[in-house]
Amino acid sequence: MILGVLMSLAGVWGLLLLAYRRPLRARWREPVLKQPVLILEGDDWGAGPLVQAAALERLRLLLLRHRDGSGQPAIMTLGVVLEVADTQAMARQPGSYVGMDLHAPEYAPLRAVMEAGSRDGVFALQLHGQCHYWPNSLMTVAGRPEVAAWLHGPPHPRTEDLPSPLQSRWTDAGQLPSREIPASEVAQAVAQEARLYRDLFGQAPRVAVPMTFVWNDAVEAAWARAGVRCVVTPGRRYTRREADGAPGGVDKVISNGQRAQGDMVYVVRDCYFEPALGHAAGHLAAAVLRKWRERRPCLVEMHRFNFLDDAVLESRLQILDHALREVSGLLPNLRFLATEALADDIVRRDAAWIDRAFAGRLRAWLVRIRELPRFRKLCLLTGLALPFALLERTL
Ligand SMILES: [Zn+2]
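Residues numbered from 1 in each chain as written. Predicted model: local features only at pLDDT ≥ 70, side-chain atom pairs only at ≥ 80, totals over all residues. Heavy atoms only, no water.

### Comments concerning the overall build of the protein chain
Within the protein chain, the regular secondary structure consists of 15 helices and 15 strands. For the protein chain, the C-alpha radius of gyration of 23 Å lies close to 21 Å, the compact-globule estimate for 395 residues. Each principal axis of the C-alpha distribution contributes one length, and for the protein chain these read about 85 × 45 × 35 Å. A total of 395 residues make up the protein chain; the buried ones form 53% of that total. Summed over its atoms, the accessible surface of the protein chain is roughly 17,400 Å², and 55% of this surface lies on carbon and sulfur atoms. Side-chain charges of the protein chain comprise 49 positive and 42 negative groups, with the mean position of each set lying 9 Å from the other. (Helix = DSSP H or I, 4+ residues; strand = E, 2+ residues; numbered from the N terminus. Rg over C-alpha atoms; globule rule 2.2 N^0.38 Å. Buried < 20%, exposed > 50% of the residue type's maximum accessible area, 1.4 Å probe, protein only. Areas by Shrake-Rupley, 256 points an atom, 1.4 Å probe, with all protein chains shown as cover. Lys, Arg positive; Asp, Glu negative; His and termini not counted. Charge placed at Lys NZ, Arg CZ, Asp CG, Glu CD.)

### A few points about the coordination of the zinc ion
Geometry reference: four tetrahedral donors at a metal, ideal angle 109.5 degrees. Six octahedral donors, ideal angles 90 or 180 degrees. Within the protein, the zinc ion binds to Asp44 (OD), His128 (NE2) and His132 (NE2); these donor distances fall in the range 2.0 to 2.1 Å. Written as a sequence motif, the donor residues of the zinc ion are D-x83-H-x3-H. With a gap of 88 residues between them, aspartate 44 in strand β1 (residues 37-46) and histidine 132 in the loop between β5 (123-129) and α6 (135-140) connect regions that are remote in the sequence. (Donors = N, O, S within 2.8 Å, 3.2 Å for Na, K, Ca; no water.)

### A few points about the domain arrangement of the protein chain
Taken domain by domain, the protein chain comprises domain 1 (25-354) and domain 2 (357-395). Measuring from the centre of the C-alpha atoms in domain 1 to the corresponding centre in domain 2 gives 34 Å. Across the boundary between the two partners, domain 1 contributes 10 residues, which contact 11 residues of domain 2. Here domain 1 packs against domain 2, burying approximately 1,100 Å² in sum over the two surfaces, 55% of which is carbon and sulfur. Linking domain 1 to domain 2 there are two salt bridges. With its nearest N and O atoms 2.7 Å apart, the salt bridge here joins glutamate 371 to arginine 27. Our count for the domain 1 to domain 2 interface comes out at eight residue pairs in polar contact (both at pLDDT 80 or more). The element contributing the most residues to the side of domain 1 that touches domain 2 is helix α2 (residues 21-29), with three residues. Of the residues in the side of domain 1 that touches domain 2, the class split is three nonpolar, no polar and seven charged. (Domains from an automatic or database assignment. Contact = heavy atoms within 4.5 Å. Buried area = accessible area lost by both parts, 1.4 Å probe. Salt bridge = Lys/Arg side-chain N within 4 Å of Asp/Glu carboxyl O. Polar contact = N/O pair within 3.5 Å; in protein donor to acceptor, adjacent residues only side chain to side chain. Nonpolar A, V, L, I, M, F, W, Y, C, P; charged D, E, K, R; others polar.)

### Here's the deal with a positive patch on the surface
A cluster of basic side chains, namely Arg21, Arg22, Arg25 and Arg29, defines a positive patch on the protein surface. Assignment of secondary structure puts arginine 29 in helix α2. (Patch = residues over 30% accessible without salt bridge, like charges linked within 9 Å, V, L, I, M, F, W, Y side chains within 5 Å.)

### Examining the packing of aromatic side chains
To describe a pair of aromatic rings, you give the distance between the ring centres and the angle between the ring planes. All told, the structure shown has nine aromatic pairs when counted by the stated rule. Relative to phenylalanine 307, the ring of tryptophan 45 has its centre 6.4 Å away and its plane inclined at 25°; by these criteria the two rings are stacked. Separated by 262 residues along the polypeptide, tryptophan 45 in strand β1 and phenylalanine 307 in the loop between β14 (298-303) and α11 (310-330) bring together distant segments of the chain. Judged by relative accessible area, which is 2%, phenylalanine 307 ranks as buried. (Phe/Tyr/Trp six-rings, centres within 6.5 Å; stacked < 30°, edge-to-face > 60°.)

### Digging into the pairing of strand β2 (residues 76-81)
In terms of residue burial, β2 counts as a mostly covered element, since six of its six residues are buried. A two-sided burial pattern is seen for β2, the buried positions comprising Met76, Leu78 and Val80 on one face and Thr77, Gly79 and Val81 on the other. Summarising the sheet, β1 and β2 pair through six bridges and their orientation is parallel. Within β2, the position partnered with glycine 46 by the bridge is valine 81. (Pairing = 2+ DSSP bridges.)

Okay, structure coming up:
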């Protein structure tokens with residue numbers, strides 16, 4: 001009788017593990033970190049409002065004040081936007097798109113602070129894209145009042161003010177649902193922006209951050225050809241904008257260390273620290289602690305829009321300063337790392353950073369599988385949670 005119950009229980013557990021084999025296997029394969037890692041990922045810096053140079057200089061000085069146990073200052077990656085509409089030139093040539101890129105003399109102070117921060121080891125430049133839209137899509141809807149106001153407004157406009165779907169670069173959101181851009185046009189555009197990035201910063205882009213996280217295989221293949229080695233993702237790949245404008249068409253669920261096209265590697269950025277959206281200092285600490293429990297790196301999205309308004313710049317900087325102090329106090333062995341370096345460590349399975357021992361991997365896996373809410377409930381219902389808990393205690 002007891003044997004029968006045990007056997008049927010084992011059968012149920014087996015079926016449960018079989019049903020969830022994909023997410024369970026993905027969590028097992030994912031690299032296990034030996035030390036907590038924090039990477040602030042700053043998106044959208046570059047073409048646009050000229051106040052960015054002063055804001056970035058303040059951030060450079062702030063980051064320099066925070067060092068990890070190895071002496072490395074805090075790092076913020078800069079997902080760089082290389083170009084924005086030249087509204088004055090477009091006023092002279094109605095109907096055609098004209099861009100102004102970071103070579104323009106007015107961007108010299110911004111480029112200088114980006115370079116200074118890179119030399120100091122507090123900024124790490126990444127490719128966000130040539131412009132934060134697909135120019136043809138923008139021009140298709142140039143007559144719409146909100147787009148016309150943006151195109152005919154002041155110079156160096158903020159792309160954050162464009163309707164959200166238009167801010168995607170790698171799908172044609174000139175109509176909704178958006179349409180796929182022909183692969184040949186994507187290839188040409190990526191080659192062009194990679195060339196521009198190299199001209200501006202003296203090296204090929206190594207890390208790409210897809211704008212609004214909408215991209216596809218054609219984009220990845222072109223990035224790989226351009227020298228990109230790592231793609232930053234939110235843990236899934238969106239491929240289009242839906243009829244309501246929201247990102248959709250998810251065709252991939254992504255884990256850290258998973259391979260992308262052309263042998264590039266994906267990393268997952270699914271933590272957020274946006275003081276402009278009400279995140280207080282403790283929000284960052286909570287994210288870093290959670291990721292460390294899972295033995296995952298903490299990549300934190302933090303857009304430039306937090307730091308563009310002079311009236312609140314000081315208070316936003318204070319929140320970040322406070323947050324970094326709090327995190328370092330809670331985790332004295334915290335390490336600051338650039339995304340490119342993290343990707344290299346993952347690919348090399350560097351023993352200084354990646355735990356390859358069975359017990360360490362199993363411990364991390366047992367924590368990670370708790371993030372599957374239905375699986376967790378079914379484990380409790382069927383009693384599979386018990387052997388997992390016993391296993392965790394023995395490790
Ligand atoms: Zn962006």
